[in-house]
Amino acid sequence: MASSKAFLQFILEELSDLEEITHRAMMGEFILYYRGKIIGGIYDNRLLLKPTTSVHTLLPDASLVSPYPGAKEMLAVEDVENRALLEETIKTMYDELPTPKPKKKK
């Protein structure tokens, strides 16, 4: 099932105090970026974050789920309305995320 644009807009509104939150549509789902790094995405109207150490620490009850068959597991954020916790989690996980690889020139 594809994610709705309404849920995407809700999540983007919850994260509106963070600068440089962007998204990209990908096969009916949405990849989320913070300051150019992939932090997770919206899959089946669920907010999933990459399973970094800080996310495990700040969201200890979050369960690992696969966004789609064959994908690496991500942590499902249950309390998407807790704006302060979401912002703190994303800010904290940023340094743990890999730097994007530069795109090859054609």
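Residues numbered from 1 in each chain as written. Predicted model: local features only at pLDDT ≥ 70, side-chain atom pairs only at ≥ 80, totals over all residues. Heavy atoms only, no water.

With that settled, consider the sheet that holds strand S3 (residues 37-43). Strands in a sheet are paired, the pairing made by backbone hydrogen bonds, and the direction either parallel or antiparallel. Read from one edge to the other, the open sheet built from six strands follows the order S1-S2-S3-S4-S6-S5, with strand pairing classed as antiparallel. The open sheet terminates on both sides in strands that have one partner only, identified here as strand S1 (21-26) and strand S5 (64-65). Judged from the two bridges that link them, S5 and strand S6 (residues 74-76) form a sheet pairing that is antiparallel. When the sheet's bridge partners are listed, Leu64 is paired in S6 with Leu75. Each of S1, strand S2 (29-34), S3 and strand S4 (46-49) is contacted by helix H1 (residues 5-14), which is oriented at about 15° to S2, the strand it contacts most. The sheet contacts of helix H3 (residues 83-93) involve S2, S3 and S4, and relative to S4 the element is tilted by about 30°. (Pairing = 2+ DSSP bridges. Helix = DSSP H or I, 4+ residues; strand = E, 2+ residues; numbered from the N terminus. Contact = heavy atoms within 4.5 Å. Axes fitted to C-alpha atoms, helices over the stretch in contact; angles between N-to-C directions.)

The subject of this paragraph is the packing of aromatic side chains. Per the stated rule, a full pass over the model turns up three aromatic pairs. With 6.3 Å between their ring centres and 45° between their planes, Tyr43 and Tyr68 make a pair best called tilted. Of the two residues, Tyr43 is situated in strand S3 and Tyr68 in the loop between S5 and S6; the sequence distance between them amounts to 25 residues. A relative accessible area of 7% places Tyr43 in the buried class. Given a relative accessible area of 47%, Tyr68 falls into the partly exposed group. Lying across the ring of Tyr94, Arg35 places its NZ or CZ 4.1 Å from the centre. Above the ring of Tyr94, the side-chain terminus of Lys37 is found at 4.2 Å from the ring centroid. (Phe/Tyr/Trp six-rings, centres within 6.5 Å; stacked < 30°, edge-to-face > 60°. Buried < 20%, exposed > 50% of the residue type's maximum accessible area, 1.4 Å probe, protein only. Lys NZ or Arg CZ within 6 Å of the ring centre and 35° of its normal.)

Let's shift gears to the nonpolar core. If you look at the biggest cluster of nonpolar residues, it comprises 25 residues, and the most contacted ones within it are Ile11, Leu32, Ile39, Ile42, Leu47 and Leu49. Elements represented by at least two residues in this core include exactly H1, S2, S3, S4 and H3. For this core, the element with the most residues is H1, which contributes four residues. Contacts of Leu47, omitting those with residues within four sequence positions, involve Phe7, Ile11, Leu32, Gly41, Ile42, Leu75, Ala76, Val77, Val80 and Leu86. Membership of the second largest hydrophobic core comes to seven residues, among which are Ile31, Val65, Met74 and Ala76. (Core = buried A, V, L, I, M, F, W, Y, C linked by side-chain atoms within 4.5 Å.)

Here the focus is the pairing of S2. For S2, the buried fraction is high: six of the six residues fall into the buried class. On S2, burial covers both faces: Glu29, Ile31 and Tyr33 on one face and Phe30, Leu32 and Tyr34 on the other are all buried. Two strands pair when backbone bridges link them, and S1 and S2 are joined in this way by six bridges, in the antiparallel orientation. Looking at the pairing, Arg24 lines up with Ile31 of S2. Hairpin remark: S2 followed by S3, antiparallel, with two residues in the connecting loop; positive phi at Arg35, about 50°.

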